[in-house]
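Structural description and commentary
Take a look at the letters that make up each chain.
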Amino acid sequence: MQFHYTESVDIRDIPCQPMEHIGAEVAAAARDGWRMIQFCGLQDHDDIHHDLSLLCLMSHDGLGDIRAWRSTMLAPDASYPSLTPATPQAHWFEREIFEQWHITPVGHPWLKPVRFCPPMYDIHGVRPLPGDTHYFTVKGSQTHEVAVGPVHAGVIEPGHFRFQCHGEQVIHLEISLGFQHRGVERALLHGPDARTPHLMECLAGDTSIGHGTAAAALMECLAGRPATERAQSLRRVMLELERLACHTGDLGAIAGDTGFLPTSAWCGRIRGDWLNTTALICGNRFGRGMVRPGGVLHDVDAALLDVLAQRLDTIHRDTRGAVDAMFASDSVLDRMHNTGIVSRGTAQDLGLVGMAARASGVPMDARFNYPLAGFAETQARLRTQRTGDVFCRARQRDQELDDAVAIIRRELGLLAALEEPCMLPGVSQALPPHRLAVSFCEGWRGTICHAAVTDARGRFALYKPVDPSFHNWIGLAMALRGEQISDFPLCNKSFNLSYCGHDL
């Protein structure tokens with residue numbers, strides 16, 4: 001079945017097909033430019049021991065369309081031919097399905113736990129503890145293994161990195177996550193309810209606006225009640241403020257890992273200025289409590305619009321000065337160029353998204369491909385880089401700073417002229433039954449995708465959020481191949497992926 005991303009469809013209208021047939025169609029679609037956005041288990045009944053089907057969703061960034069496949073029913077311990085050999089984008093999804101449902105993708109080259117999460121139903125006893133798995137090893141003269149984490153020296157999230165090295169050169173990096181699994185997907189089942197918006201904002205704390213917007217857009221699509229243009233405009237302002245804060249902080253951190261301390265110090269302070277601007281609008285530096293199904297909970301008046309415009313000019317000037325100093329340093333440029341390269345072909349094959357994909361030359365941005373209402377009329381442009389190294393990932397952030405400021409300026413002008421409510425009540429209270437909907441939002445890391453299926457009562461039989469980090473951790477592993485192990489901190493910061501956004 002094929003439908004537009006702004007529509008919902010009846011899940012019962014998607015024909016059930018054997019996985020062998022779905023695998024062939026998915027591989028053909030991937031060759032034609034379609035990208036896998038969701039692949040997960042779907043149960044028809046509340047009985048957790050009931051058989052399930054597999055739901056596969058692919059999108060086409062040029063068309064704004066979605067294709068949906070649904071498998072015939074599979075029993076626990078069933079198997080099917082793995083999609084990964086022909087469609088590498090499926091690799092992480094299939095590992096998750098195996099972990100959650102004990103459905104085996106036969107022929108998968110890397111079938112190990114993704115999150116070490118509790119299975120949806122447990123027929124094999126106690127699950128392994130996070131990190132309790134077999135790891136790849138390389139043997140030979142002068143080869144050795146370096147294990148880092150999950151506990152790190154800084155105040156950062158936990159993750160385990162295992163390097164197989166020949167001397168100082170990294171042959172392979174294996175990344176093991178799951179230390180922060182919170183069971184959010186399970187908690188979202190049978191919603192929406194009073195705590196659903198708060199769970200959405202906590203999927204990845206530095207992307208509260210991004211995930212909150214994707215969740216609100218999804219429920220509005222299910223309900224057939226899109227938010228007003230004023231609400232959409234305010235959401236775009238908040239999304240770009242979130243992007244400005246995170247890109248500024250990341251550029252400062254990249255500067256720090258190259259040893260360029262002026263930009264590192266300045267950006268650390270300026271990031272706080274962007275966060276405080278977000279707090280001016282909604283009272284929370286990370287934007288929590290702002291976006292809800294039906295619109296936004298906080299509006300802006302003429303006086304606040306003037307303050308925001310003034311702060312925008314001042315903070316942007318400071319940001320430009322700090323970032324330009326870094327890019328004017330030959331030593332910084334030499335450190336970033338040709339370090340941690342991810343080619344365009346690799347990025348496309350593995351399904352990387354967002355800033356990391358654009359840095360490798362992949363023209364993908366949900367603001368353009370799946371826009372919130374009115375965004376296509378902005379003067380912003382879809383930017384890409386060429387070589388996919390640390391320099392390109394830093395330059396992508398640098399250019400997106402100016403674009404974000406231009407978008408906010410335009411939205412502030414629109415808000416001064418728009419006179420309509422910013423909230424439509426009751427959007428999430430009566431969702432239609434048996435509907436499938438998908439929403440997209442370009443968070444600062446990349447494309448956020450939420451998918452939901454309602455049951456006969458209009459409650460969530462499935463709610464599947466996918467953070468960009470779910471797609472992009474493998475990109476970091478690829479960036480380290482053939483690099484010096486000392487390049488890891490810089491490469492890691494050039495991606496700056498979310499552990500909790502992956503673990504859910």
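So, here is what we can say about the structure in this document. (Residues numbered from 1 in each chain as written. Predicted model: local features only at pLDDT ≥ 70, side-chain atom pairs only at ≥ 80, totals over all residues. Heavy atoms only, no water.)

Quick look at helix 15 (residues 488-495) now. The buried fraction of helix 15 is high, at 6 of 8 residues. Turning to helix 15, its buried residues are Phe488, Leu490, Cys491, Asn492, Ser494 and Phe495. (Buried < 20%, exposed > 50% of the residue type's maximum accessible area, 1.4 Å probe, protein only. Helix = DSSP H or I, 4+ residues; strand = E, 2+ residues; numbered from the N terminus.)

With antiparallel pairing, 3 strands are arranged side by side in an open sheet as 9-10-11. In this open sheet, the two edge strands, each paired with only one partner strand, are strand 9 (143-148) and strand 11 (169-176). Each neighbouring strand pair of the sheet contributes to a mean axis angle of 20°, computed without reference to strand direction. Across 6 bridges, the pairing between strand 9 and strand 10 (residues 160-166) is antiparallel. (Pairing = 2+ DSSP bridges. Axes fitted to C-alpha atoms, helices over the stretch in contact; angles between N-to-C directions.)

The residue aspartate 299 is located in the loop between strand 13 (295-296) and helix 8 (302-327) in this model. Along the backbone, aspartate 299 and isoleucine 281 are 18 residues apart, and their C-alpha atoms lie at a distance of 7.4 Å. Excluding residues within four positions of it along the chain, aspartate 299 makes contact with Arg230, Leu234 and Cys422. Among the polar contacts made by the side chain of aspartate 299, one reaches the side chain of arginine 230 at a distance of 3.0 Å. (Contact = heavy atoms within 4.5 Å. Polar contact = N/O pair within 3.5 Å; in protein donor to acceptor, adjacent residues only side chain to side chain.)

Another aspect to go through is the pattern of salt bridges. Inspection of the entire model under this criterion finds 33 salt bridges. Between glutamate 185 and lysine 464 there is a salt bridge; the shortest N-O distance is 3.1 Å. In this pair, glutamate 185 sits in helix 3 (residues 184-188) while lysine 464 sits in strand 16 (residues 460-466), placing the two residues 279 residues apart along the sequence. A salt bridge links arginine 236 to glutamate 229, with the shortest nitrogen-to-oxygen separation between them at 2.7 Å. When its relative accessible area of 27% is taken as the criterion, glutamate 229 is described as partly exposed. Salt bridges linked by common partners bring Glu240, Arg243, Arg358, Asp365, Arg367, Glu400 and Glu442 together as one network. (Salt bridge = Lys/Arg side-chain N within 4 Å of Asp/Glu carboxyl O.)

Now for the pairing of strand 14 (residues 435-442). Within strand 14, 7 of the 8 residues are buried, which leaves it mostly tucked inside the rest of the structure. Two strands pair when backbone bridges link them, and strand 14 and strand 15 (residues 447-454) are joined in this way by 7 bridges, in the antiparallel orientation. The residue bridging valine 438 from the neighbouring strand is alanine 451, located in strand 15. Where strand 14 hands over to strand 15, the hairpin turn is made up of 4 residues, of which glycine 446 adopts a positive phi near 155°.

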